[in-house]
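# Observations on the model geometry
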Amino acid sequence: MSSFRPCLFVLIYCCLALVGCGQDQSSQQRTEAPEVYIAAVNNPLYYFANRLIGDQVQVRLSVPADIDPAQWQPSVEDLLQLQGAELFLLNGAGYSPWIANVSLASGRVVTTAEAVRNHWVELEGQVTHSHGPQGDHAHGGYAFTTWMDMSLAKAQAKAVASAISARWPQWSDDVSERLSALLADIDELNRGYQEFAAISGDRQFIYSHPVYQYFERAYGLPGHSLHWEPEVMPSEVEWRELSEKLQPDALFIWEAEPAVDIAAKMNALGLPFVVIAPGANRSETDWLSLQRANVSRLQLQGMVEE
Amino acid sequence: MGDLFYLGARYISHHRVKLLVLTFAITLVSWLPVAIQIIVDQTAEQLLKRAEDTPLVIGAPGSPLELSLGSLYFRAKTPARLEYSELKKVEATGYARAIPLYYRFRAQDYPIVGTSPDYFSYRGLQLANGRPAALLGEAVIGNKVAEAMSLGVGDHIISSPESVFDLAGVYPLKMPVVGVLAPSLSPDDEAVFVDVKTTWVIQGLGHGHQDLNKREAIGQVIKREGDNLVANASVRQFNTITSDNLDSFHFHGESAGFPISAIIPVAPDDKSAALLLGHFQEEREDVQIVRSQRVISQLLDTVFTVRDYIVVGIAVVAIATATVALLVFYLSLRLRSGERFTLARIGASRLQVQVLMATEVICVLLISAVLATVLIFLTRQYGISMMQQLLLT
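Attention here is on the structure that accompanies the text. (Residues numbered from 1 in each chain as written. Chains lettered and ligands numbered in written order. Predicted model: local features only at pLDDT ≥ 70, side-chain atom pairs only at ≥ 80, totals over all residues.)

### Some details on the packing of helix 2 (residues 16-53) of chain B against helix 9 (residues 292-335) of chain B
Residue and element names in this part refer to chain B. Using the following cut-off: Here the axes come from fitting lines to C-alpha atoms, over the contacting stretch only for helices, and the angles between their N-to-C directions go from 0 to 180 degrees. Working definition: helices are DSSP H or I runs of at least four residues, strands are E runs of at least two. Numbering for both runs from the N terminus. For classification purposes, an angle smaller than 35 degrees is called roughly parallel, one larger than 145 roughly antiparallel, one from 65 to 115 roughly perpendicular, and anything else oblique. Residue polarity follows a fixed list, in which Ala, Val, Leu, Ile, Met, Phe, Trp, Tyr, Cys and Pro are nonpolar, Asp, Glu, Lys and Arg are charged, and the others, Gly among them, are polar.
Put simply, helix 2 and helix 9 touch, their axes get as near as 9 Å, and they point 175° apart. In this view, helix 2 runs roughly antiparallel relative to helix 9, as classed from their interaxial angle. In terms of residue class, the contact of helix 2 with helix 9 is made up of 23 nonpolar, five polar and two charged.

Here it is as structure tokens:
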């Protein structure tokens, strides 16, 4: 009886076979050799991948330069491009929330901060909801600028290296060598930030945007985050609120160079500022250079303060 | 000689019904065993080809045959459940990439196959129209589905409820068709492909609903507990995923625990495949890995035995038919003894009389042979599809 069902299946299959079998199965068209590339979701990962893979495989960052990759919503065309990538490097920590509702092969998607999930910074004040028989389910979120903690950036670089080596084992030695150099560079950045943190003591930090959570935690530089855009003049009310909070040793951190009139107003207030660019966006300057520039500015700021 | 042909033709014309019946019977018994052989062989070849293209399949413990038939032909009605986390475990071995398959749901008579974009490149499937599915809820359909349901790019296909009596169950999901596959001469022609996450929405593990923070939803919100809004069960859920409501879709729980039916591991070489096989056979008892080619071969062995029985049966019928034909020819010759006598008396030679008598037999055998050959050729070319059309209509 147990062999009856399979036999029945095959007999039915014989009758209802989907095709005229006389046609040569080899006539099935196989897809042409696809273009091989790695896709990254932001500039740090784009840089890591480029450093690690060298010239062997093209690395693409689909996000336009004027759009924050964290806010990017890919079009269908973008998604089809991502589907074709050999590896798609995601940041993790809720960086690309659209990933939940698109079709991508999980085996090609690498969530680079996954290994350090227990270090993700949970955001407060996120609304969750519950309804129906399923009960509670949360939609809380995490801070996502993980690479601003250089130890997490190293973990992400290692995740990229691991994914590349797994995909192209023949290049694993080269990748390993390049990873060592990359980690050394990130260590250098780490030391730069730590040195600045050491001389900054307990001074007050005001951040232009809430994207420095990992930086604040890693280097012991907690502060208050605003929602100021470097090119948009804040309102008088915002300036007043800022003035009320200011302490004599305050330092304002911008994501990018503020507009001239904003800078002038800050100077008039006697509020020093410095740019620490997370470097998430596509840029002509690579991520490491952007970070080195951050460190240089901080060192300069430290010397000025001294 | 012309006289002989004329007389032979007249005889055949006069006894056409008898000769037609004889020709039909001999044609049939000559063609049937060969046709069965051809159809079974070609089907076996096709079954094995699919199995060869999918050498390994991973699924929940149970019948290897059910797993192979389900993952290769999407035929299983109630596939065993495997956790999606197994996909990551397969990939973590480093021996293979993994393609998920979830074929529990149907759209009318056609299986809805939840998978990943890798499935299409793995099977070498090409699009005849449209584009691949890129967003949650989008469907790409096989060409037979498109033909049978008169669907094309821009139309919608609706998932069928598992039970019509499950009134409190999950609403059918209306999915836009974004692509139609070119014929692939495989079960993929008869399937509806979506992303595996879409099948989870069909199952009710994920859903989209009105924003509870918005004014329109105020009637559904029972209370606010800290950062959590508690709503009643009347929250309006969407049964179509559109660009407007896509962002509202979310899943309950971790996808690692969500169900799939099977995993196709895609190993880069034989060595990796062997290592993967060994890994699962030695270290995992909670999942099974099967060599689909071996499973299908075992199944085909049984089928070949059944085929042999049928062929033997037809051979016996053929012998009986040949005996009856001999009897008919013998009786015919006896009935024509007067005709032979008359021919001899009007001057026909012995050879001419014999040729004339043999015309009947030669014609029947020759026409039967030609017809059987034509039928065998047609069977080889169109046998299975013709049979399918016949059964469907």
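### Points about the sheet that holds strand 1 (residues 37-40) of chain A
Residue and element names in this part refer to chain A. The condition that has to hold: DSSP-based pairing: two strands are paired if at least 2 bridges between them are found. By the convention adopted here, residues are in contact when the distance between their C-beta atoms, placed from the backbone, does not exceed 7 Å.
Taking strand neighbours across the sheet as the criterion, the four strands line up as 2-1-3-4 in an open arrangement whose pairing is parallel. What marks the edges here is a single partner per strand, and that holds for strand 2 (58-61) and strand 4 (109-111). In this sheet, adjacent strand axes meet at a mean angle of 25° when their direction is disregarded. Across four bridges, strand 1 lies against strand 2 in parallel orientation. Bridging from a neighbouring strand, isoleucine 38 pairs with valine 59 of strand 2. Strands in contact with helix 4 (residues 150-167) are strand 3 (87-90) and strand 4; relative to strand 3, the strand with the most contacts, it is inclined by about 170°.

### Some thoughts on the sheet that holds strand 9 (residues 251-254) of chain A
Residue and element names in this part refer to chain A. Pairing is parallel across the open sheet formed by four strands, whose spatial order is 8-7-9-10. Every interior strand has two partners, whereas the edge strands, strand 8 (223-225) and strand 10 (273-275), have only one. Averaged over neighbouring strand pairs, the angle between their axes works out to 25° when direction is ignored. Summarising the sheet, strand 9 and strand 10 pair through three bridges and their orientation is parallel. Bridge pairing in strand 10 links isoleucine 253 to valine 274.

### So, the pairing of strand 9 (residues 192-195) of chain B
Residues and elements named next belong to chain B. Here strand 4 (residues 110-115) pairs with strand 9 via four bridges, running parallel. Each bridged residue has a counterpart across the sheet, and for valine 113 the counterpart in strand 9 is phenylalanine 193. Here strand 6 (residues 139-141) pairs with strand 9 via three bridges, running antiparallel. Opposite isoleucine 141, over in strand 9, you have valine 192 as the bridge partner.

On their own, these measurements won't tell you what the molecule is for.
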